[in-house]
Amino acid sequence: EDGATQGKAGLLIWLSIGQMFVFFQQLSVLLEIGVNWPRPLSDLLSILTVVDFDLSSDCIVPLSPLGRFASRVIVVFGIFTQLLVIHITVVGIGSTWRVWRVRAH
């Protein structure tokens with residue numbers, strides 16, 4: 001396999017894992033609604049709390065449910081912004097390295 005095919009396969013795997021993680025996050029929100037779910041679904045939802053971002057800062061600042069939701073969204077956007085900065089940096093360094101290497105030869 002060439003490098004492009006391997007890169008696409010790796011990207012597909014990581015995108016799938018990311019989508020699965022987001023799906024589990026959304027299902028774990030259902031557990032916090034406060035509905036008495038039937039037995040098999042409640043067991044599944046309690047298992048999914050393992051991948052839930054429990055960013056409760058109630059010991060620091062008591063938050064309403066809307067505040068907790070907003071803080072989770074802000075944290076997700078913060079993580080996305082950090083990943084974007086890392087990506088831009090790596091791509092920039094990689095293209096600079098290629099230009100420098102071509103000029104050296």
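Basis of the calculations
- Residues numbered from 1 in each chain as written.
- Predicted model: local features only at pLDDT ≥ 70, side-chain atom pairs only at ≥ 80, totals over all residues.
- Heavy atoms only, no water.
- Helix = DSSP H or I, 4+ residues; strand = E, 2+ residues; numbered from the N terminus.
- Buried < 20%, exposed > 50% of the residue type's maximum accessible area, 1.4 Å probe, protein only.
- Areas by Shrake-Rupley, 256 points an atom, 1.4 Å probe, with all protein chains shown as cover.
- Patch = residues over 30% accessible without salt bridge, like charges linked within 9 Å, V, L, I, M, F, W, Y side chains within 5 Å.
- Salt bridge = Lys/Arg side-chain N within 4 Å of Asp/Glu carboxyl O.
- pLDDT = per-residue confidence, 0-100.

Caption draft 1: Spatial organisation of the overall build of the protein. Helices and strands together make up the secondary structure of the protein, namely three helices and zero strands. Its helices and strands in sequence order give the protein the pattern α-α-α, from N to C terminus. Burial analysis of the protein (105 residues in total) assigns 7% to the buried set. Summed over all atoms, the accessible surface of the protein reaches about 8800 Å², with 72% contributed by carbon and sulfur.

Caption draft 2: Representation of the environment of Leu44. Checked against the element boundaries, Leu44 lands in helix H2 (residues 39–48). For Leu44, a relative accessible area of 41% gives the class partly exposed. The spatial distance from the C-alpha of Leu44 to the C-alpha of Ser28 is 9.1 Å, given a sequence separation of 16 residues.

Caption draft 3: Just a nonpolar patch on the surface, in detail. Side chains of Val75, Ile79, Leu83, Ile86 and Val90 sit close together on the surface and give an oily, nonpolar patch of about 430 Å² of accessible area. With respect to the helices and strands, Ile86 occurs in helix H3 (residues 65–104).

Caption draft 4: Representation of the confidence of the model for the protein in the model. Averaged over all residues, the pLDDT of the protein equals 76, while 73% of them reach at least 70. Mean pLDDT values over the elements of the protein span from 77, in helix H1 (residues 3–32), up to 80, in H2.

Caption draft 5: Local environment of the pattern of salt bridges. For the coordinates displayed, the defined rule picks out one salt bridge. For the salt bridge of Asp43 with Arg39, the shortest nitrogen-to-oxygen distance reads 3.2 Å. One end of the pair, Asp43, and the other, Arg39, are both in helix H2, four residues apart, so they sit about a helical turn from each other. Classification of Asp43 as partly exposed rests on a relative accessible area of 30%.

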